[in-house]
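A structural walkthrough
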Amino acid sequence: MFIDEARIYVKAGDGGNGCLAFRREKYVPRGGPSGGDGGRGGDIYMVANEHVNTLLHFRFNPEHKAQRGRHGEGSNRTGHDGTSIDLEVPVGTVVYNEQTGEKLFDFTHPGERFLVAQGGKGGRGNARFTTATHQAPTEHEPGKPGDELRLRLELKLLADAGLVGFPNAGKSTLISRISAAHPKIADYPFTTLEPNLGVVKLDDFRSFVVADIPGLIEGAHLGHGLGTQFLRHIERTKLLVHLVDVSDATGREPVEDFETVMRELASFSQDLAKKPMLVVATKMDAAQSPDRVSSLKRLAAERGLPYFEISSVTGLGLDKLKYAITERVLGKESLTSHSQG
């Protein structure tokens with residue numbers, strides 16, 4: 001099960017209390033205060049792990065508490081520090097303070113480590129309060145409480161290019177043809193129920209990551225269909241690949257489909273709608289009406305958007321589209337240098 005949002009409670013360990021004690025030992029003529037300090041409470045860290053790809057484990061275990069520090073003891077013995085804990089999260093996780101909405105950290109690389117809740121300091125024992133004029137102190141301190149937070153975790157997949165379009169526009173079929181991903185493919189709406197990632201490799205050893213998200217329909221921002229909940233997964237992408245079905249099977253106009261998806265993107269985020277975009281006419285092998293194809297091509301030209309025609313069934317235009325995506329997410333210079341090498 002793919003889970004991309006979770007709410008958790010974290011509590012760092014409290015510090016141990018300082019000890020109030022006096023030495024009463026044989027052959028120790030001058031006793032005195034001997035209360036040790038309390039141990040420090042354990043911290044809670046979050047660590048990005050590239051082998052974790054969902055937040056599902058937090059759904060079943062939403063509370064995380066670190067160990068408290070032990071209390072100080074007599075004979076100036078300091079209490080043991082509490083054990084810290086690491087919470088593993090997928091790369092791409094964003095951590096928010098649920099109460100304030102503040103973004104605390106954004107994990108973008110494997111191995112990144114973030115102190116999310118700091119353990120409390122241990123209290124001082126009475127031995128710490130000894131002075132030349134105050135040789136039998138009874139003062140001692142309680143341990144400080146550890147940080148306590150309610151967090152919202154949001155997973156945003158890390159991809160270079162994102163596929164958008166209506167359900168059955170050919171997104172899953174395309175990603176299965178150009179990468180090693182094997183998403184579910186069928187001839188009914190909403191075959192894709194969760195995002196898929198695929199790594200596209202070129203002959204010159206370059207590669208990029210493409211994300212396929214569930215299709216959008218009119219009113220998706222109002223919760224129609226599968227809504228827009230998965231659009232967060234393409235917010236990090238450098239490029240959107242807008243797939244439009246130009247076959248006669250849909251009964252809809254390709255231009256209207258394009259405009260509908262653009263409105264839904266803008267309703268979710270204006271920044272998302274303004275990302276660089278390629279317009280791709282899909283299912284060209286089943287396109288029987290030249291007018292449907294030419295109308296989409298004119299729209300792309302009017303908006304100054306690069307236009308491509310493909311068929312994932314026959315392979316028409318797939319290589320050209322792959323290199324166009326690579327050029328835009330990796331840069332022309334990288335393609336040129338690798339082709340020369």
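Reference entry: report on the structure contained in this document. (Residues numbered from 1 in each chain as written. Predicted model: local features only at pLDDT ≥ 70, side-chain atom pairs only at ≥ 80, totals over all residues. Heavy atoms only, no water.)

1. A short note on the overall build of the protein chain
Helix and strand content of the protein chain: seven helices and 16 strands. Relative to its 341 residues, the protein chain shows a buried fraction of 49%. By sequence separation, contacts in the protein chain at least 24 residues apart represent 73% of the contacts at least 6 residues apart. Accessible area for the protein chain stands at about 17300 Å²; split by element, carbon and sulfur atoms hold 49% of it. (Helix = DSSP H or I, 4+ residues; strand = E, 2+ residues; numbered from the N terminus. Buried < 20%, exposed > 50% of the residue type's maximum accessible area, 1.4 Å probe, protein only. Contact = heavy atoms within 4.5 Å. Areas by Shrake-Rupley, 256 points an atom, 1.4 Å probe, with all protein chains shown as cover.)

2. A word on the packing of helix H3 (residues 254–268) against helix H5 (residues 290–302)
Closest axis-to-axis distance for the H3/H5 pair is 8 Å, and the angle between their directions is 40°. Viewed along their axes, H3 and H5 adopt a mutual orientation that is oblique. Here H3 contributes Pro254, Val255, Phe258 and Glu259 to the contact with H5, which in turn contributes Arg292, Ser295, Leu296 and Leu299. In terms of residue class, the contact of H3 with H5 is built from five nonpolar, one polar and two charged. (Axes fitted to C-alpha atoms, helices over the stretch in contact; angles between N-to-C directions. Parallel < 35°, antiparallel > 145°, perpendicular 65-115°, else oblique. Nonpolar A, V, L, I, M, F, W, Y, C, P; charged D, E, K, R; others polar.)

3. Side note on the pattern of salt bridges
In total, this model carries 21 salt bridges according to the counting rule given. Note that Glu235 is salt-bridged to Lys156, the shortest N-O span being 3.0 Å. Pair noted here: Glu235 is in the loop between strand E13 (207–212) and strand E14 (239–245) and Lys156 is in the loop between strand E10 (148–155) and strand E11 (161–165), with a separation of 79 residues, a long-range link. For Glu235, a relative accessible area of 29% gives the class partly exposed. Taking relative accessible area as the criterion, Lys156 reaches 13% and is therefore assigned buried. For Arg292, the salt bridge goes to Asp248, with nearest N and O atoms at 3.5 Å. One end of the pair, Arg292, is in helix H5; the other, Asp248, is in the loop between E14 and H3, with 44 residues separating them in the sequence. (Salt bridge = Lys/Arg side-chain N within 4 Å of Asp/Glu carboxyl O.)

4. Examining the sheet that holds E13
The mixed open sheet is built from six strands, whose spatial order is E12-E13-E11-E14-E15-E16. Each edge of the sheet is formed by a strand with only one pairing partner; in this case those strands are strand E12 (196–201) and strand E16 (307–309). Each adjacent strand pair in this sheet contributes to an overall mean axis angle of 25°, direction not counted. Direction of pairing for E11 relative to E13: parallel, over a ladder of three bridges. Paired with Ala161 across the two strands is Val210, which belongs to E13. (Pairing = 2+ DSSP bridges.)

5. As for H3
Under the 1.5 Å per step criterion, the end-to-end length of H3 is 22 Å for 15 residues, consistent within 8% with the ideal 21 Å. Pro254, Asp257, Phe258, Thr260, Val261, Met262, Glu264 and Leu265 are the residues of H3 that are buried. On its buried face, H3 is in contact with E11, E14, helix H4 (270–273), strand E15 (277–282) and H5. (Expected span 1.5 Å × (residues − 1).)

All quantities given are derived from atomic positions and should not be read as evidence of function.
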